[in-house]
Amino acid sequence: MQTHYRTCNICEALCGIEIQHEGEKIISIKGDPKDPLSRGHICPKAVALQDFYHDEDRLRNPLKKTEKGFVEISWEEAFDYTVSRIKQVQEEHGMNAVATFLGNPNAHNVGNLLFMRPFMKALKTRSRFSASSVDQMPHHVAAIHMLGHSILNPVPDLDRTNYLLIMGANPLVSNGSMMSAPDFGKRMRAIRERGGKVVVIDPRRTETADKADQHLFIKPESDVVFLLALIHVLIAEEKVRLNHLEKHLIGLSEISAIVKRYSPDFAGEICGISAEKIRSIAIAMAEANRAILYSRMGLSTQTFGGLCIWLSNVFNILNGNYDREGGMMFPSPAIDPISFSPKKGRPKHKSIPLSRVRQLPKYIGEIPAASMADEMETEGEGQIKALVCIAGNPVLSVPNGRKLEKAIGKLEFMVCADIYVTETSRHADIILPASSGLERSQYDVTFLNLAIRNIAKYSPALFPKKGNVKHDWEILAELTARLTGQENPGHPPELFLEMALQMGQYAKQGLNLEKLKQHPHGVDLGPLRACLLERIQTDDDTIRLAPQVFLDDLQRLGAAIERDTERGDFPFQMIGRRVLRQHNTWTHNSHRLSKGRNECTLLLNPEDASRLEISNGEHVKVSSRVGEIAVEVEVSPDIMPGVVSLPQGFGSGKKSNMQVAAAQNSVSINDLTDDMRVDLLTGNAALNGVRVSLSKLEEQSAN
Ligand SMILES: Nc1nc2c(c(=O)[nH]1)N[C@H]1C(S)=C(S)[C@@H](COP(=O)(O)OP(=O)(O)OC[C@H]3O[C@@H](n4cnc5c(=O)[nH]c(N)nc54)[C@H](O)[C@@H]3O)O[C@H]1N2
Ligand SMILES: Nc1nc2c(c(=O)[nH]1)N[C@H]1C(S)=C(S)[C@@H](COP(=O)(O)OP(=O)(O)OC[C@H]3O[C@@H](n4cnc5c(=O)[nH]c(N)nc54)[C@H](O)[C@@H]3O)O[C@H]1N2
Ligand code: SF4
Ligand SMILES: [Mo]
């Protein structure tokens, strides 16, 4: 029996795992207590890594669509056909007619990050999409305008804080995002044990809220006024503390001016949290000395996502808890992704380019994914005719997925690199089978730049590639070579890691790839330290508190408040949720993760349920502007009245038979979310707060 140590590649928590195996047979997967970040923590998904490796349904060979369905072909034929069809579309319709969609697993795979850049260069397309604009684009937009770089994102210094206010995140289930913080539960308990406080603001009493000191319901999509009121209190009560950043900030007077109108009384009426509670949270955080406002997914995926994330930063800065112990801090990673981008001097004050069809902002060169279908269906110069989809399942992950599904069905060509035939890849002409987690080496360039402690860790591959699959980086490198006519350099990511570590700030202390290989549990580089003034990327090194784009967007907010939300035929607001034993759309094939009770249920408050005469376990039809689904109801006091919650990532059946999702009671929330609802400032999809109506269904017709 052998023991292998690595980092789990599924989510952002970066848990160290210990795998005992005999050859390719896995005996056990456990948390690695010696991992300096995760200290033994693990969740049920890591144990399923073995299921993904051995899964009979996982692709083993390239597939080509024929009249008789998919047939297995050689890599040579797959590459040849893919590149010739891409070139054909480029010649007939121009370079922008070939679009790309990059899904979430790309971020967890250093090979993809490295080889994507030359691949994109070779494709020469401006039609780029990714999961970022159905997720965290507002965080990037705030970072660009305030600090000069899209990936200069602060992370909560959880282990040293005294007060943690969580808005729109459920880290006890999600294990955290834009915050690599394995074992969030233990870290949260530790805050309370040292006399600190944890408060959760969420339209659902979540698993995290349940373990916090206080939970407050908030009306979906009203967080922005709550945040304005928090800042209002800091300023009105003269609690602003700027500490070492005082001389490095501009825009405080603009902030004072804009928050005047948003008193706690005014905000309380809108968001449903009393003025007294708003005021007491602001004061308690000001007095806690070390305090964190952590805002995530629930705030970035709403109509005012950009304002929410900007104001969250502003609050942390004015509360004296930015770039300071126990507040929001910036990691000092061994490989700093910022050092690989062009020099300082952002933001370049040019206006943000707009997308062709819906004139949405194209931050970090991406068209918002919510408009992908429109870009495919709207004729004219630049219309998308082909799609290259790498590790993404947008039919289930972007709003109004059915509309996208119809649009991709009409494309001239589509190629997917995936590990399965999915709801998206089944429409492809070619599917290129990629390796899965255990078959490749790992160094988390993206997430070690978001980790709550500085560490470095490298894991080699555990198993050889199964069947005839290739690593994503090999696929990208070969496609690049064939598109450009240049030779495939073919060197593995390790070459880059070696070089990047040598260029990094810990090289002087002897940190290199060899050392990481000798330390399979990872190397601890210590707690976070104040480093923003070293890392900031604005041309004059100042933090911009009040960038004009945000001030302008406040007018949109003002107008929305005046209009109030029109309920019309859709009296409920729908929000999403995550479940512990699934990851986005792709882990449902693991029996280990899918057994047990049905988790794809619609949460409904008892008051609403009794008014509509719907009882627990009954099926209802849920309708929105764009679609309808049938789903089982779970009556629960944990959801706010007037709000319903449906999990994301479902709608996926057993991979060997794509048709059975409905029979498994699994529906996609994105059959209901509306592609026209976006945060106009950032282009991010507004997945939360979607207006829906409910009606009773007979049990039999539910399927
Ligand atoms: N309504 C609603 N919609 C949401 C969300 C929500 O909360 N609510 N969440 C959003 C968020 S945060 C995200 S990140 C997106 C995710 O959106 P996507 O990235 O589109 O979805 P995933 O399920 O992560 O898809 C990953 C795909 O990659 C494949 N895959 C897995 N591992 C590998 C690999 O190593 N290589 C390759 N080539 N393929 C691989 C999987 O089989 C799957 O098809 O969804 C978003 N959509
Ligand atoms: N088990 C599991 N873990 C995951 C994933 C998974 O699919 N499964 N996905 C991973 C990915 S890709 C990501 S990005 C992260 C996301 O991780 P988190 O950011 O923690 O996201 P969620 O768990 O979706 O929690 C979002 C919360 O926002 C709340 N919310 C919705 N609307 C509003 C609103 O208007 N206001 C407020 N205040 N709250 C609101 C929801 O009720 C929910 O509790 O999770 C990652 N981890
Ligand atoms: S929390 Fe995330 S990284 Fe940790 S074991 Fe679970 S899926 Fe893997
Ligand atoms: Mo995500």
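Treat the numbers as computed from the prediction; the structure is a model and nothing was measured.

Enquirer: It is not clear to me how the overall build of the protein should be interpreted in this structure. Could you clarify?
Expert: Secondary structure assignment for the protein yields 25 helices and 26 strands. Referenced to the eigenvectors of the C-alpha coordinate spread, the extents of the protein come out at roughly 70 × 70 × 55 Å. Counting only contacts in the protein whose residues sit at least 6 apart along the sequence, the fraction spanning at least 24 positions is 76%. As displayed, the protein offers around 26,200 Å² of accessible surface, 50% of which is attributable to carbon and sulfur atoms. Each charge class in the protein can be summarised by its mean position, and for the 83 positive and 85 negative side chains these summaries are 3 Å apart.

Enquirer: I'm lost on the site of ligand 2 in this one. Help?
Expert: Lining the immediate environment of ligand 2, one finds 32 residues, of which Ser174, Asp202, Asp223, Gln582 and Asn584 sit closest. Taking glycine 168, its main chain carries an N or O atom lying 3.5 Å from an oxygen atom of ligand 2. Between ligand 2 and glutamine 582 there is a distance of 2.5 Å, counted from a nitrogen atom to a backbone nitrogen or oxygen. In isolation ligand 2 exposes 930 Å². Once the protein is present, 98% of that is buried. Elements represented by at least two residues in the shell around ligand 2 include exactly helix H6 (171-174), helix H13 (297-300) and strand S21 (572-577). Ranked by the residues each element gives to the shell around ligand 2, the list is headed by H13, at three residues. A per-class count over the shell around ligand 2 returns eleven nonpolar, 14 polar and seven charged.

Enquirer: Just checking my understanding: could you explain the sheet that holds strand S11 (residues 214-216) for this structure?
Expert: The strands making up a sheet associate through backbone hydrogen bonding, with each pair oriented either parallel or antiparallel. Sheet architecture is open: four strands sit in the order S11-S10-S9-S13, paired in parallel fashion. In this open sheet, the two edge strands, each paired with only one partner strand, are S11 and strand S13 (291-295). For this sheet, the mean inter-axis angle between neighbouring strands, taken without regard to orientation, is 15°. Pairing analysis gives five bridges linking strand S9 (residues 163-167) to S13, with the strands arranged parallel. Residue pairing across strands places leucine 164 opposite isoleucine 292, the latter belonging to S13. Across the sheet, helix H7 (residues 184-193) lies against S9 and strand S10 (197-201), angled at about 125° from S10, the strand it touches most.

Enquirer: Just checking my understanding: could you explain the environment of proline 492 for this structure?
Expert: Here proline 492 shows up in the loop between helix H19 (472-484) and helix H20 (493-503). As a C-alpha pair, proline 492 and phenylalanine 115 span 377 residues in sequence and 9.8 Å in three-dimensional space.

Enquirer: Please explain unusual backbone geometry as it appears in this structure.
Expert: One non-glycine residue, leucine 14, lies in positive phi territory at about 60°. Mapped onto the secondary structure, leucine 14 falls in the loop between strand S1 (2-7) and strand S2 (16-22). On the basis of relative accessible area, leucine 14 is assigned to the buried category, the value being 4%. Residues other than glycine seldom take positive phi values, yet asparagine 175 does so here, at roughly 65°.

Enquirer: Where do I start with the nonpolar core in this structure?
Expert: One broad rule of soluble globular proteins: the nonpolar side chains tend to lie buried together. Counting residues in hydrophobic clusters, the biggest one holds 115 residues, and the most contacted among them are Leu165, Phe226, Ile255, Ile281, Trp310, Tyr443 and Leu557. In terms of residues, this core owes the most to one element, helix H9 (residues 223-236), which gives ten residues. Taken together, domain 1 (82-135 + 338-525) and domain 2 (154-329) each give at least three residues to this core, which thus spans both. Leave out the neighbours within four places in its chain, and isoleucine 255 touches Ile231, Ile235, Trp310, Val314, Leu318, Leu545 and Ala546.

Enquirer: I keep staring at the site of ligand 1 and nothing clicks. Help me out?
Expert: Around ligand 1 sit 30 residues in total, of which Asn104, Ser397, Asp418, Asp472 and Thr585 are the nearest. Asparagine 393 is positioned such that a nitrogen or oxygen atom in its backbone is 2.8 Å from an oxygen atom of ligand 1. The contact in question runs from an oxygen atom of ligand 1 to an N or O atom on the side chain of aspartate 418, over 2.6 Å. When ligand 1 sits alone it has 920 Å² of accessible area, and the protein chains cover 96% of it. When residues of the shell around ligand 1 are traced back to their parent elements, those giving at least two are helix H16 (394-397) and strand S16 (413-418). In terms of residue class, the shell around ligand 1 is made up of 13 nonpolar, twelve polar and five charged. Looking at which domains feed residues into the shell around ligand 1, each of domain 1 (82-135 + 338-525) and domain 3 (565-696) supplies at least three.

Definitions and limits used
- The written sequence of each chain sets the order in which its residues are numbered from 1.
- Going through the entries in the order they are written, you letter the chains from A and number the ligands from 1.
- Local features in a predicted model are, by the rule used here, given only for residues with pLDDT of at least 70; side-chain atom pairs are given and counted only at 80 or more, and totals for whole chains, interfaces and linings are based on all residues.
- Neither water nor hydrogens contribute to the side-chain values; these are computed over all heavy atoms in the structure.
- Elements are defined by DSSP. Helices are runs of H or I of four residues or more, strands are runs of E of two residues or more, and each kind is numbered from the N terminus.
- Throughout, a residue-residue contact means that at least one pair of heavy atoms, one from each residue, lies within 4.5 Å.
- Calculation of accessible area relied on Shrake-Rupley with a 1.4 Å probe; when residues are assessed, cover is drawn exclusively from the protein chains displayed.
- The convention is simple: Lys and Arg are positive, Asp and Glu are negative, and His and the chain ends are not counted.
- Charge placement uses NZ in Lys and CZ in Arg. For Asp and Glu, CG and CD serve respectively.
- One heavy atom suffices: a residue is near a molecule or strand as soon as one of its heavy atoms comes within 4 Å of it.
- Counted as a polar contact is a pair of N or O atoms within 3.5 Å, where, for protein atoms, one must be capable of donating a hydrogen and the other of accepting one, and residues adjacent in sequence contribute only when both atoms are in side chains.
- Lys, Arg, Asp and Glu make up the charged group, whereas Ala, Val, Leu, Ile, Met, Phe, Trp, Tyr, Cys and Pro make up the nonpolar group; the residues left over, Gly among them, are polar.
- Here, strands pair whenever DSSP counts at least two bridges between them.
- Lines fitted to C-alpha atoms define the axes, with helix axes restricted to the stretch in contact, and inter-axis angles between N-to-C directions lie between 0 and 180 degrees.
- Burial classes follow relative accessibility: with a 1.4 Å probe on protein chains only, a residue under 20% of its type's maximum area counts as buried, one over 50% as exposed, and anything between as partly exposed.
- To form a nonpolar core, buried Ala, Val, Leu, Ile, Met, Phe, Trp, Tyr and Cys residues must be joined to one another through side-chain atoms within 4.5 Å.
- Start and end points for every domain follow an automatic or database-based domain assignment.

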